[in-house]
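Spelled out from the first residue to the last, the chains are:
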Amino acid sequence: GAGVSQSPSNKVTEKGKDVELRCDPISGHTALYWYRQSLGQGLEFLIYFQGNSAPDKSGLPSDRFSAERTGGSVSTLTIQRTQQEDSAVYLCASSLIWGRSSYNEQFFGPGTRLTVL
Amino acid sequence: SQQGEEDPQALSIQEGENATMNCSYKTSINNLQWYRQNSGRGLVHLILIRSNEREKHSGRLRVTLDTSKKSSSLLITASRAADTASYFCATVSGSARQLTFGSGTQLTVLP
């Protein structure tokens, strides 16, 4: 079907508020990734979901960041008590199941631009 | 953290010329991928080269990989104004599934 979609496309919030960012992966893709892109840090990995396995949270920068993936499809990235340094473009990607002999490309959504005032 | 550096950081060429971008990385890899990004938003996958491959072609794209030097290059031949974008290399290493990105090259193709 359609590609990866993300909402909202832009989000402006005040410091200290919580935000939720949504990602709809490509239907049938079992792997889902969150990255963020900022001027100072470039493109950074945040978290990875694969099927029913425990997510790889090794890229989350602090405990204010969390993510969940319901029903193996839609994912929500939540940032609590936002800080100005959280301002970035948050990108979601999905891919087909990882196989021993396959290294599948990732398909990216258009991103959510988060601005924390 | 970023895997490595890309150079040049910015490249400006005339339409019809070839563009070469280089990427260096730090750790052993399973594969290296190149992505294009327009207007600072979503990335588009261009090409993937496995660690046991040395060269790969796709249309006007040619990618080389030198694992002994931990480097890769992307060549775009006969460039077009529509090729104007940021180009990123990204690696997959060990048991990790996520991409580790380079710093990117901003390519401008002048008509």
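Just so we're clear, the structure is a prediction, and the values are computed from it rather than from any experiment. Along each chain, residues carry numbers from 1 onward, in the same order as the chain's sequence is written. For naming, the first written chain is A and the first written ligand is 1, with later ones following in the order written. Note on the predicted model: pLDDT of at least 70 is required for a residue's local features to be given, and 80 or more for side-chain atom pairs to be given and counted; whole-chain, interface and lining totals, by contrast, use all residues. Processing note: side-chain calculations cover all non-hydrogen atoms of the structure and skip hydrogens and water entirely.

A. Quick peek at the overall build of chain B. By the criteria applied, helices consist of DSSP H or I runs no shorter than four residues and strands consist of E runs no shorter than two, each listed in order from the N terminus. Helices and strands together make up the secondary structure of chain B, namely 0 helices and 11 strands. Mapped in sequence order, the helices and strands of chain B form the string β-β-β-β-β-β-β-β-β-β-β. Note on method: radius of gyration uses C-alpha positions; expected globular size equals 2.2 Å times residues raised to 0.38. Radius of gyration (C-alpha) of chain B: 13 Å, near the 13 Å computed for a compact globule of 111 residues. Seen through its principal axes, chain B has C-alpha atoms that stretch 45 × 25 × 20 Å. Partitioning the contacts of chain B with sequence separation of at least 6, the portion at a separation of at least 24 is 55%. In this description, accessible areas are obtained by the Shrake-Rupley approach with a 1.4 Å probe, and a residue is regarded as covered only by the protein chains that are shown. Here chain B displays about 5000 Å² of accessible surface, and carbon together with sulfur accounts for 46% of that area. Contacts are assigned to residue pairs with any non-hydrogen atoms lying within 4.5 Å of each other.

B. Representation of the interface of chain B and chain A. Across the boundary between the two partners, chain B contributes 20 residues, which contact 26 residues of chain A. By definition, the buried area sums, over both parts, the 1.4 Å-probe accessible area that each loses when the two are put together. Approximately 1900 Å² of surface area, both sides summed, lies buried where chain B meets chain A, with 54% of it carried by carbon and sulfur atoms. The three residues of chain B that bury the most area against chain A are Arg41, Arg97 and Gln98 of chain B, which together make up 35% of that side's buried surface. Take a side-chain nitrogen of Lys or Arg and a carboxyl oxygen of Asp or Glu: if they are within 4 Å of each other, that pair is a salt bridge. There are 0 salt bridges connecting chain B and chain A.

C. Molecular detail of the sheet that holds strand 8 (residues 71-76) of chain B. All names here are of chain B. Any two strands with at least two DSSP-identified bridges between them are counted as paired. Within the open sheet, the 5 strands sit side by side as 1-3-8-7-6. Their pairing is antiparallel. The open sheet is flanked by strand 1 (6-7) and strand 6 (55-58), the only strands paired with a single partner. Relative to strand 3 (residues 19-24), strand 1 runs antiparallel, the two sharing 2 bridges. Residue pairing in the sheet places glutamate 6 in a bridge with cysteine 23 of strand 3.

D. Looking closely at the environment of proline 111 of chain B. Mapped onto the secondary structure, proline 111 of chain B falls in the segment after strand 11 (105-110). Residue contacts for proline 111 of chain B: discarding those within four places in its chain leaves Gln14 and Glu15 of chain B.

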